[in-house]
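Structural overview for review
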Amino acid sequence: AVILGGMMTAIGTSTNLLVNGLSADNGGPRFEFFDFYLVALPSALLGLVYLAVVAPLLLRNAGEASRPERQTRLLATFRLAEDSPLVGKPLHTLRRGLGDGAVLRHLMRNGHEIARLPTVTLRSGDLLVLAGAAEALHDTADRLALTSSTVRGGDAISADKEEDADIVRRQCVVTAGSPLVGRTVRESSLEWRFDVRVVALSELASESRTEAPTDLPFIPIHAGDTLLLEGNEEAVAHATEMLGLLAVGEPLRRRVSRAAPIALAIFGLVIAAAVTKLLPISVAAACGVLATVAFGLLRWEDVESAVEWRIVLIVASSIALGDALVRSGAMDLLAEQLAALAAGWPLAAVLAIIITVTGLLTNFVSNNAAAAIMTPLALALARNVGAPLEPFVLGVLFGANLCFLTPFAYQTNLLVMAAAGYRFNDFVKVGVPLFALMVPALTATLAWVYL
């Protein structure tokens, strides 16, 4: 639904902006904010009906809601205190106490991993790395009185905190724009900044970055990782909001600040200025950012951290790639070959091929690279076959947004995958029929409006 909505306005995604800019730079049309909204709307509504009616049937056995054993597995570290009842006991005692919900992944002592033999005696200071679903880790910590090594001051994950009704533990997915990306839990200082603690990290994220994990606070966090946060509900809600995290499960209770109406008013004015063409989109957005800083809603540090330089570099590189293909004559040569091949074909068929090829590229390369290659090609092809330029440019724009065949095609897919416990095949099962539905729907709408 996010992807379908993103293709309906000129600023819906960064790819839309890129296609629009490349089109104008190559002598094609430039689209304003809502110029193609009604063109995309019928196909988007059709896609939403498919997602509401057909997709649930294809995903009956997918996701953690229907299959508890596929819940996100988390890694949590626990250090044995001197007064722990497990000190001096053999390892098989711990394994019996863990039950079926949690598994001992590593036993660390003085920075070295110890072979997990049943007769190994547990000592004070040993580090236990346990894997399991969030509830299983909670129950295990409560039953065995284990102390989380990630909590400042040695506060236990369990018993003492459970008595406080305000303390909650929530799974949160790290978004691509989160300031936590690339930093460790220790470097983020969440305890003193937000009064929340990271007590577990998704197992896949942890084990893929270290051969023998020790303390979780020293493991780098990546986009798509799942964190288990513990703290007061308002503190957890504030942390998720400020750190770009998506809470999984019931909505968190959030306190609406007095600045909320100001933020909404600034957002509305930016959109209104762009829609009415009072200001260019880029100028209106920049003025909106300056207004948020002027009213104290954001600090300059927040503005700087919000800029995704990786995306900026990818977009700039993609523009350079497209420009090189045009200046070298490669794009005109390819367009001539395609025009000769499609001679005598209906324009709608040629348009469908543009959408399909762009859609396939965007799922296996990247949105911006697909846009950089296909926009100049679509313009050259339209000129060679004597067709209007608008539907071919929009064909590339729409095709570059059909990035739901794999979980790696778009960053939003990874967030959904992590939050819902989906697998690669789940995206294929839902995405392939949706792709096959969207291509003819978009082609028919474009042909009806422009051809």
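Above this text sits the structure in question.
Residues numbered from 1 in each chain as written. Predicted model: local features only at pLDDT ≥ 70, side-chain atom pairs only at ≥ 80, totals over all residues. Heavy atoms only, no water.

**A few points about the pattern of salt bridges**
- For the structure on display, the rule yields four salt bridges.
- One salt bridge connects Lys429 with Asp426, and the closest N-O pair in it is separated by 3.7 Å. Taken together, the residues span about one helical turn, with Lys429 and Asp426 both in helix 21 (residues 424–450) at a distance of three residues.
- Accessibility expressed as a relative area gives 38% for Lys429, which makes it partly exposed.
- Residues joined by salt bridges that share partners form a network here, namely Asp195, Arg197 and Glu230. (Salt bridge = Lys/Arg side-chain N within 4 Å of Asp/Glu carboxyl O. Helix = DSSP H or I, 4+ residues; strand = E, 2+ residues; numbered from the N terminus. Buried < 20%, exposed > 50% of the residue type's maximum accessible area, 1.4 Å probe, protein only.)

**Things to note about empty space enclosed by the protein**
- For the structure on display, the rule yields one cavity of 30 Å³ or more.
- The calculated volume of the largest cavity comes to roughly 30 Å³.
- Residues of the lining of the largest cavity, tallied by class, amount to four nonpolar, four polar and no charged. (1 Å grid on protein atoms, 1.4 Å probe; cavity = no way out; pocket = protein on both sides within 12 Å on 5 of 7 lines; lining within 4 Å. Points joined across faces, edges and corners; volume = space filled by probe spheres on them. Nonpolar A, V, L, I, M, F, W, Y, C, P; charged D, E, K, R; others polar.)

**Some remarks on unusual backbone geometry**
- Even without glycine at this site, Asp195 takes up a positive phi of about 60°.
- Summarising the element assignment, Asp195 is placed in the loop between helix 9 (190–194) and strand 7 (196–202).
- Unlike most non-glycine residues, Lys277 shows phi in positive territory, near 65°.
- As for its placement among the helices and strands, Lys277 is situated in the loop between helix 12 (260–275) and helix 13 (281–294).
- For Lys277, a relative accessible area of 54% corresponds to the exposed category.

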